[in-house]
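The primary structure of each chain is shown beneath.
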Amino acid sequence: MADYVIETRNMSRAFKGFLAVNDVDLKVRRGTIHALIGPNGAGKTTCFNLITKFLQPTAGSVLLEGRDITRTPPARVARLGMVRSFQISAIFPHLSVAQNLRVALQRKLGTSFHFWRSARSLAVLDDEVAALLDRVGLSAFAAIPAGELAYGRKRVLEIATTLALDPKVLLLDEPMAGMGAEDISRTAALIRKVAADRTVLMVEHNLSVVADLSDRITVLQRGRILAEGTYDQISTDPAVIEAYMGS
Ligand code: ADP
């Protein structure tokens, strides 16, 4: 089994000659929470898009569990077990919280008419919805239209919809963006819980969240890897301090 769940080799992406991501070798170890940080414009989002195949690298390769996925379409990457959450809302506001999870679980379990006709299949689905609601702490909100949830809980529901696919690798794009302290601590606990049996790669601006959650951190600056290590290592690295002060 490959040591690294995600590995990029000399991964680059140019936009009209401008290298947004420049020769990045990112290695994400199995079972870790790995954070990608860096000043605005450093190339974090582009890296995420390259890894999940929403964008093609102009050079280099991307590996998922040792398998080259450089030319693999995003839907297939998701089926291989790497799923991302989006910063922009991906939930159906008029459906209830439980219905949103039901839709997400149906995607995982398949859409065959025969499968869904059986009462037993529907019961299995109900059980899975209930288990997922419980896991993410949204059971009390099951019947509420998702659009009426408070902001932090909406973001938790988004994470829950990605968990419905039971990914081996979960990519979280600024999971704490716009959250208050209480939502942050609730979401951090959820991320820790889901990371117990999978690998998490996240882009996050909030450095205390990064310090609290991450096993390993990669710092990007102007498309390149500036530093990598534990929070203690990177937060005392003069080049990293300089990059943050200068941004
Ligand atoms: P970050 O997520 O770290 O803020 P991004 O990956 O969004 O950084 O962007 C890195 C750089 O690439 C920025 O200078 C940005 O303007 C540029 N960039 C990103 N996407 C595009 C695009 N589609 N076309 C042209 N330039 C882009």
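Just so you know, these numbers come straight off a predicted model, no measurement behind them.

### Topic: the domain arrangement of the protein chain
Then step 1. You can read the domains of the protein chain as domain 1 (1-81 + 169-182 + 198-247) and domain 2 (89-166).
Then step 2. Each of domain 1 and domain 2 was reduced to a C-alpha centroid, and the two centroids are 28 Å apart.
Then step 3. Of the residues that constitute the side of domain 1 that touches domain 2, the class distribution is 4 nonpolar, 2 polar and no charged.

### So, the nonpolar core
Then step 1. Judged by nonpolar contacts, the single largest core of 61 residues is most densely connected at Ile6, Cys47, Leu101, Ala160, Leu171 and Leu201.
Then step 2. If you tally residues by element for this core, the top one is helix 3 (residues 97-109), at 5 residues.
Then step 3. Looking at which domains feed residues into this core, each of domain 1 (1-81 + 169-182 + 198-247) and domain 2 (89-166) gives three or more.
Then step 4. Non-local contacts of Leu101, meaning those with residues more than four positions away in its chain, are made with Val129, Leu132, Leu133, Ala160, Thr161 and Ala164.

### Some details on the site of the ligand
Then step 1. Residues in close proximity to the ligand include Phe15, Ala20, Gly38, Asn40, Gly41, Ala42, Gly43, Lys44, Thr45 and Thr46, which together make up its full environment.
Then step 2. Per-element tally for the shell around the ligand: the top contributor is helix 1 (residues 44-51), with 3 residues.
Then step 3. Split into classes, the residues belonging to the shell around the ligand amount to 3 nonpolar, 6 polar and 1 charged.

### Focus: the sheet that holds strand 7 (residues 82-84)
Then step 1. Spatially, the 6 strands line up as an open sheet ordered 7-8-9-4-10-11, and their pairing is mixed. A single partner strand is all that each edge strand has here, and the edge strands are strand 7 and strand 11 (224-229). Strand after strand, the sheet turns through a mean of 20 degrees between neighbouring axes, direction not considered.
Then step 2. Where strand 4 (residues 33-37) and strand 10 (residues 216-221) come together, 4 bridges link them in parallel fashion.

### Examining the pairing of strand 5 (residues 59-64)
Then step 1. Here 5 bridges tie strand 1 (residues 4-15) to strand 5, and the two strands are oriented antiparallel to one another. Looking at the pairing, Arg9 lines up with Ser61 of strand 5.
Then step 2. One ladder, built from 2 bridges, connects strand 5 with strand 6 (residues 67-68); its direction is antiparallel. Across the sheet, Leu63 pairs through a bridge with Asp68, a residue of strand 6.
Then step 3. From the end of strand 5 to the start of strand 6, which pair antiparallel, there are 2 residues, and Glu65 there has a positive phi angle of about 50 degrees.

Parameters at a glance
- Residues numbered from 1 in each chain as written.
- Predicted model: local features only at pLDDT ≥ 70, side-chain atom pairs only at ≥ 80, totals over all residues.
- Domains from an automatic or database assignment.
- Nonpolar A, V, L, I, M, F, W, Y, C, P; charged D, E, K, R; others polar.
- Core = buried A, V, L, I, M, F, W, Y, C linked by C-beta atoms within 7 Å.
- Buried ≥ 20, exposed ≤ 12 C-beta atoms within 10 Å, placed from the backbone.
- Helix = DSSP H or I, 4+ residues; strand = E, 2+ residues; numbered from the N terminus.
- Contact = placed C-beta atoms within 7 Å.
- Near = placed C-beta within 6 Å.
- Pairing = 2+ DSSP bridges.
- Axes fitted to C-alpha atoms, helices over the stretch in contact; angles between N-to-C directions.

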